[in-house]
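What follows is each chain in one-letter form.
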Amino acid sequence: VKIGILAGSSRANSESARIGAWFASEINGRDGLSAQLVDFHETPISFVPEEIWGGQDANFNAMKSSLVDCDAFVVIAPEWGGAASPVIRNALLFLGSAVFADKPVYLVGISSGRGGLRPILEIRSFSYKNNYACYIPEWLVVTECDKHFTGDAADDNDYLVKRARYGIDTLVAYANALNTMRTAHPRDLETYQFGM
Ligand SMILES: Cc1cc2nc3c(=O)[nH]c(=O)nc-3n(C[C@H](O)[C@H](O)[C@H](O)COP(=O)(O)O)c2cc1C
């Protein structure tokens, strides 16, 4: 099972990228799993649709190619201005159904303060129409994110670390189930390219 991890911040040395690296390490350490981590500071993508659709954005093209064969995704969405960051919305928009259709996505909302739920609610409500992603009914809200996933000894007893490990277990179970589902019922994207 290959899991794509989208660290949804365009900032250098972001908390999203740090927590994304924790997920990559955790996933790569498990038998039968591999992780593909994307840091949108290191690989920025265009906000201009015509540049994406015209194939002019080399970063985007390479990223999309590396993610199409993923079975599942972890999306790390920082709360910015009480909403999901622009770059993660942009990625969910442009990677689209070719990458996400009928695949499970585990949402991780993070905040340096007391937020983190709002980007999850926003993405669950307003990003799935055309990419057909399946946001699983298990998610993670990381408040005061700099205090968690630090890799020190206390981490193993941290509720959020335990919950994240359970989230990965859940995501893998969905990945296996939805791989079967997509084989049994491939999505007809020619007839129904967009959701209603
Ligand atoms: C433009 C901007 C707006 C932000 N707005 C919020 C916010 O509304 N609520 C919140 O809890 N944190 C907010 N933060 C702080 C982030 O939670 C913090 O930067 C955290 O480290 C996650 O973002 P990162 O992945 O870019 O590091 C904001 C940060 C930025 C850069």
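For every chain, the first residue of its written sequence is number 1, and the numbers climb from 1 along that sequence. Totals for whole chains, interfaces and linings use all residues, but because this is a predicted model, local features are given only for residues with pLDDT of at least 70 and pairs of side-chain atoms are given and counted only at 80 or more. With hydrogens and water excluded, all non-hydrogen atoms of the structure serve as input to the side-chain values.

*Asks:* I tried to follow the pattern of salt bridges on my own but got confused; where do I start?
*Replies:* Note on pairing: side chains with opposite charge can pair once their charged atoms come close. Any carboxyl oxygen of Asp or Glu that lies within 4 Å of a side-chain nitrogen of Lys or Arg is treated as forming a salt bridge with it. If you walk through the whole model with that rule in mind, you get 11 salt bridges. The shortest N-O distance in the salt bridge between K2 and D69 comes to 2.7 Å. Linking K2 in strand β1 (residues 2-7) with D69 in the loop between α3 (58-67) and β3 (72-80), this pair joins segments that are 67 residues apart in sequence. For each residue, the accessible area found with a 1.4 Å probe, counting protein chains only, is set against the maximum for its type, and the residue is called buried under 20%, exposed over 50%, and partly exposed in between. Take D69: its relative accessible area is 48%, and that puts it in the partly exposed class. Of the charged contacts in the structure, one is a salt bridge between R30 and D169, with a shortest N-O distance of 2.6 Å. Note that R30 is positioned in the loop between α1 (15-28) and β2 (34-39) and D169 in helix α6 (residues 159-184), a separation of 139 residues in sequence. Look at the salt bridges and you will find they share partners, linking E26, R30, D156, R165 and D169 into a network. A run of DSSP states H or I qualifies as a helix once it reaches four residues; a run of E qualifies as a strand once it reaches two. Both are numbered from the N-terminal end.

*Asks:* How should I be thinking about the site of the ligand in this particular structure?
*Replies:* Any residue with a non-hydrogen atom lying within 4 Å of a molecule or strand is treated as near it. As a matter of local geometry, the ligand sits amid 15 residues, with S9, R11, S16, G81 and S111 nearest to it. Here a polar contact is taken to be a pair of N or O atoms separated by no more than 3.5 Å, where protein atoms must pair a possible hydrogen donor with a possible acceptor and residues adjacent in sequence count only if both atoms sit in side chains. Between the ligand and R11 there is a distance of 2.6 Å, counted from an oxygen atom to a side-chain nitrogen or oxygen. A distance of 2.6 Å separates an oxygen atom of the ligand from a polar atom in the side chain of S16. Values of accessible area rely on a 1.4 Å probe in the Shrake-Rupley scheme; residue burial ignores everything except the protein chains shown. For the ligand, whose unbound accessible area comes to 590 Å², protein coverage reaches 70%. Within the residue set of the shell around the ligand, elements represented by two or more residues are α1 and β3. Of all the elements, β3 adds the most residues to the shell around the ligand, at three residues. All amino acids are sorted into three groups, where Ala, Val, Leu, Ile, Met, Phe, Trp, Tyr, Cys and Pro are nonpolar, Asp, Glu, Lys and Arg are charged, and the leftover types, Gly among them, are polar. Partitioning the shell around the ligand into residue classes produces four nonpolar, eight polar and three charged.

*Asks:* Would you mind showing me how to read the pairing of β3 here?
*Replies:* The two faces of the sheet receive side chains in turn, since in a regular strand these alternate between them. Burial of β3 is extensive: eight of the nine residues sit out of reach of the surface. Think of it this way: DSSP has to see at least two bridges between two strands before they count as a pair. In this sheet, strand β5 (residues 104-110) lies alongside β3 in parallel orientation, the contact comprising six bridges. Bridge assignment links I76 to a residue of β5, and that residue is V108. Note: β3 against strand β4 (residues 83-84), two bridges, orientation antiparallel. Paired with W80 across the strands is A83, a residue of β4. Joining the antiparallel neighbours β3 and β4 is a turn of two residues, in which G81 adopts a positive phi near 60°.

*Asks:* Whenever I open this one, a nonpolar patch on the surface confuses me. Can you help?
*Replies:* A contiguous nonpolar surface patch, about 270 Å² in accessible area, is contributed by L117, L121 and W139. Along the polypeptide, W139 turns up in the loop between β6 (134-135) and β7 (140-142). Here W139 falls in the partly exposed class, since its relative accessible area comes to 35%. Like charges are joined within 9 Å and nonpolar side chains (Val, Leu, Ile, Met, Phe, Trp, Tyr) within 5 Å, but only among residues with over 30% relative accessible area and no salt bridge; these make up the patches.

*Asks:* Would you mind showing me how to read unusual backbone geometry here?
*Replies:* Non-glycine residue Y132 carries a positive phi angle of around 55°. Relative to the helices and strands, Y132 is located in the loop between α5 (117-126) and β6. Of note in the backbone geometry, E144 takes a positive phi value of approximately 45° without being a glycine. One can find E144 in the loop between β7 and α6. Residue E144 is classed as partly exposed on the basis of its relative accessible area, which comes to 31%.

*Asks:* Looking at this structure, how should I read α5?
*Replies:* Counting along an α-helix, one turn takes 3.6 residues, and residues three or four places apart therefore face a common direction. Residues of α5 that are buried include every one of P119, I120, E122 and I123, and no others. End-on, the buried residues of α5 take up no more than an arc of 165°, which puts them together on one face. Within this analysis, the arc is defined by the directions that extend from the helix axis to the C-beta atoms.

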